[in-house]
Amino acid sequence: MTAPHPMLAVTEEVREALASGKPVVALESTIISHGMPYPKNVQTAREVEQIIRDGGAVPATIAVLHGVPRIGLDDAELDLLGSDEHVRKVSIRDLPYVVARSEHGATTVASTMRLAALAGIRVFVTGGLGGVHRGAERSMDISADLTELSLTNVAVVSAGVKSLLDIGRTLEVLETLGVPVITVGSDDFPSFYSRSSGFGSPLRMDGADEVARAMKAKWELGLAGGLVIANPIPEAEEIPEAEIGALIATAVAEADAKGITGAAITPYLLGRIVELSGGESLRANIALVKNNARLGAAIATEFAGL
Ligand code: PSU
Ligand code: MN
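Small disclaimer: the values here were computed from a predicted structure and weren't measured.

A. Looking closely at the pairing of strand E11 (residues 227-230). Neither face of E11 is left uncovered, since the one carrying Leu-227 and Ile-229 and the one carrying Val-228 and Ala-230 both have all their residues buried. Note: strand E8 (residues 155-158) against E11, 4 bridges, orientation parallel. By the bridge assignment for E11, Val-157 is matched with Ile-229. Inspection of the sheet shows strand E9 (residues 181-184) paired to E11 by 3 bridges, in the parallel sense. Each residue of the ladder has a partner; that of Val-181, found in E11, is Val-228.

If you want it as structure tokens, here you go:
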């Protein structure tokens, strides 16, 4: 592989792994700073890194610290991201700003993808993707995660798309952008807390080896962009849509009434759903991220072997 971009600070462990062709899995940091409460966020981030190591890959959590995009973080840095109130949520549009001002930034799926690709990492594990918000036909609120998936060559492992988004329209936009949406081991596209969303998965594959071959095929054909690898939450951990759907609807209605929009809306909704569910949603969230880490490590291992 080519040398990483000179503006990135890559840990020695990750640099060494990339240089020798070992599997590396990128992880985002918005989920730590703005997706889960402290200290469970930091504890989960560490456990997820360990799962990736147990799966034979090197974890690389990505964030911006003091204006420097970092590929791989130590324990103290994870703690800072999870507890400091001044960590900005950084999507693609915000990257120049935090770098120029030497600020801290927690990277979303979109900006994590871009930084991972600049470092030479091809597999990225998260919880849930951003997408088309409910009411986007009026607000035009469509996550930059979708645009980025059309541009950047990284496979993103998630548990699908939360039903606080418009799942049908999100799948339509991904189709328009030419992004493969592959659910592993199921015909149904998952909706984060639940194994199905009511929408069929556009594509299905049944193992990490097949997914790795699809990644290789896409990029060898010169098709730019990412792949959505959807991994349904394990059955024992899921919260049926019938249960969580009403809480999500309440949270969305509250956000509407309060006039919360833009980058603030996803963190607001996630926080409210944790409160409304009495912590159940957080338990499921942690379980599905760990499940994604296991699959991501397996995909990175298979891809490194091709
Ligand atoms: N969905 C979740 N948990 C999250 C996010 C989305 O279930 O933490 C975060 C991810 O970082 C995602 C971002 O990239 O929210 C999308 O934000 P926006 O819609 O503002 O692009
Ligand atoms: Mn948005």
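B. Inspection of the site of ligand 1 at higher detail. Taken together, the neighbourhood of ligand 1 is formed by 14 residues, with Glu-28, Lys-89, Ser-143, Asp-145 and Lys-162 sitting nearest. At a separation of 2.8 Å, an oxygen atom of ligand 1 approaches a polar backbone atom of Val-109. Its residues assigned to classes, the shell around ligand 1 shows 4 nonpolar, 6 polar and 4 charged.

C. Region of the structure containing the environment of Thr-183. Within the secondary structure, Thr-183 sits in strand E9. Residue classification places Thr-183 among the buried positions, given a relative accessible area of 0%. Taking the C-alpha atoms as reference points, Thr-183 and Val-157, 26 residues apart in sequence, are found 9.6 Å from one another. With residues up to four places along the chain from it excluded, the contact list for Thr-183 reads Asp-188, Phe-189, Pro-190, Ser-201, Leu-203, Arg-204, Met-205, Ala-230 and Pro-232. Side chain to side chain, Thr-183 and Ser-201 meet in a polar contact 2.7 Å long.

D. Looking closely at the pattern of salt bridges. Under the criterion given, the structure shown has 19 salt bridges. Two residues, Arg-204 and Asp-187, come together in a salt bridge whose shortest N-O distance is 3.1 Å. Taken together, the positions of Arg-204 in strand E10 (residues 203-205) and Asp-187 in the loop between E9 and E10 put the pair 17 residues apart, joining distant regions of the chain. Judged by relative accessible area, Arg-204 falls into the partly exposed class, the value being 39%.

E. The packing of helix H10 (residues 208-220) against helix H13 (residues 280-305), seen in detail. Between H10 and H13, the least distance of the axes is 8 Å, while the angle of their chain directions is 55 degrees. Judged by the inter-axis angle, H10 sits oblique to H13. Note that H10 runs across H13; the crossing there is right-handed. Side by side, H10 and H13 meet where Ala-208, Asp-209, Val-211, Ala-212, Met-215, Lys-216 and Trp-219 of the first sit next to Leu-295, Ala-298, Ile-299, Glu-302 and Phe-303 of the second.

F. Quick peek at helix H8 (residues 144-151). By the burial criterion, the buried members of H8 are Asp-145, Leu-146, Glu-148, Leu-149 and Ser-150. Taken together, the buried residues of H8 touch helix H6 (109-119), E8, helix H9 (167-176) and E11. Its side-chain oxygen at 3.0 Å from the backbone nitrogen of Asp-145, Ser-143 defines the N-terminal cap of H8.

G. Inspection of the packing of aromatic side chains at higher detail. Tallied over the entire structure, the rule returns 2 aromatic pairs. Pairing Trp-219 with Phe-303 gives two aromatic rings, centres 5.8 Å apart and planes at 90 degrees, and the pair type is edge-to-face. Taken together, the positions of Trp-219 in helix H10 and Phe-303 in helix H13 put the pair 84 residues apart, joining distant regions of the chain. One residue, Arg-122, lies across the ring of Trp-219, its end atom 5.8 Å from the ring centre. One cation-aromatic arrangement involves Lys-162 over Phe-192; the distance from NZ or CZ to the ring centre is 3.3 Å.

H. Structural context of unusual backbone geometry. Each neighbour pair has its own omega, and for Tyr-38 with Pro-39 the value is 5 degrees, a cis peptide bond. Of note, Pro-39 is situated in the loop between helix H2 (30-33) and helix H3 (40-54). In this model, His-66 sits at a positive phi of 50 degrees, which is unusual for a non-glycine residue. Its location among the elements puts His-66 in the loop between strand E3 (58-65) and strand E4 (68-71). By relative accessible area, His-66 is classed as exposed at 58%. In the Ramachandran plot, Ser-102 falls in the positive-phi region, its phi being about 55 degrees despite a non-glycine side chain. Positionally, Ser-102 belongs in the loop between helix H5 (95-100) and strand E6 (105-107).

I. Region of the structure containing the side chain of Ser-186. Mapped onto the elements, Ser-186 comes out in the loop between E9 and E10. Taking relative accessible area as the criterion, Ser-186 reaches 10% and is therefore assigned buried. A polar side-chain atom of Ser-186 sits 3.0 Å from the main-chain amide nitrogen of Asp-188. When neighbours within four sequence positions are excluded, Ser-186 is seen to be in contact with Ser-201, Arg-204 and Pro-232.

Each value, and the rule that gives it
- Numbers given to residues run from 1 along each chain, matching the order in which its sequence is written.
- Written order decides the labels, with chains lettered from A and ligands numbered from 1.
- Only residues with pLDDT of 70 or above have their local features reported here, since the model is predicted, and side-chain atom pairs are shown and tallied only from 80 upward, although totals for entire chains, interfaces and linings are computed over all residues.
- The side-chain values count all of the structure's non-hydrogen atoms but skip hydrogen atoms and water molecules.
- Three labels apply to residues, based on accessible area from a 1.4 Å probe with only protein chains included: buried if under 20% of the type maximum, exposed if over 50%, partly exposed otherwise in between.
- Secondary structure elements follow DSSP: runs of H or I no shorter than four residues count as helices, runs of E no shorter than two count as strands, and numbering proceeds from the N terminus.
- The criterion for strand pairing is that DSSP finds at least two bridges linking the strands in question.
- By convention in this text, a residue qualifies as near a molecule or strand provided that one of its non-hydrogen atoms is within 4 Å of it.
- Side-chain atoms alone can form a polar contact between residues adjacent in sequence; in general such a contact is a pair of N or O atoms within 3.5 Å, and within protein one must be able to donate a hydrogen while the other accepts it.
- Side-chain classes are defined by residue name, with Ala, Val, Leu, Ile, Met, Phe, Trp, Tyr, Cys and Pro counting as nonpolar, Asp, Glu, Lys and Arg as charged, and the others, Gly among them, as polar.
- Note on definitions: a residue-residue contact is assigned when non-hydrogen atoms from the two residues lie within 4.5 Å.
- Salt bridge, as applied in this entry: a Lys or Arg side-chain nitrogen positioned within 4 Å of an Asp or Glu carboxyl oxygen.
- Every angle, taken between N-to-C directions, lies between 0 and 180 degrees, and every axis is a line fitted to C-alpha atoms, over only the stretch in contact when it is a helix.
- Angles are sorted into four bins: roughly parallel if under 35 degrees, roughly antiparallel if over 145, roughly perpendicular if 65 to 115, and oblique for all others.
- What makes a crossing left-handed is the near helix being turned counterclockwise from the far one by less than a right angle; a clockwise turn instead makes it right-handed.
- Pairing of aromatic rings covers Phe, Tyr and Trp, the last through its six-membered ring, and needs centres within 6.5 Å; plane angles under 30 degrees mean stacked, over 60 mean edge-to-face, and all others mean tilted.
- Counted as over-ring charges are cases with an Arg CZ or a Lys NZ within 6 Å of the ring centre that also lie within 35 degrees of the ring normal.

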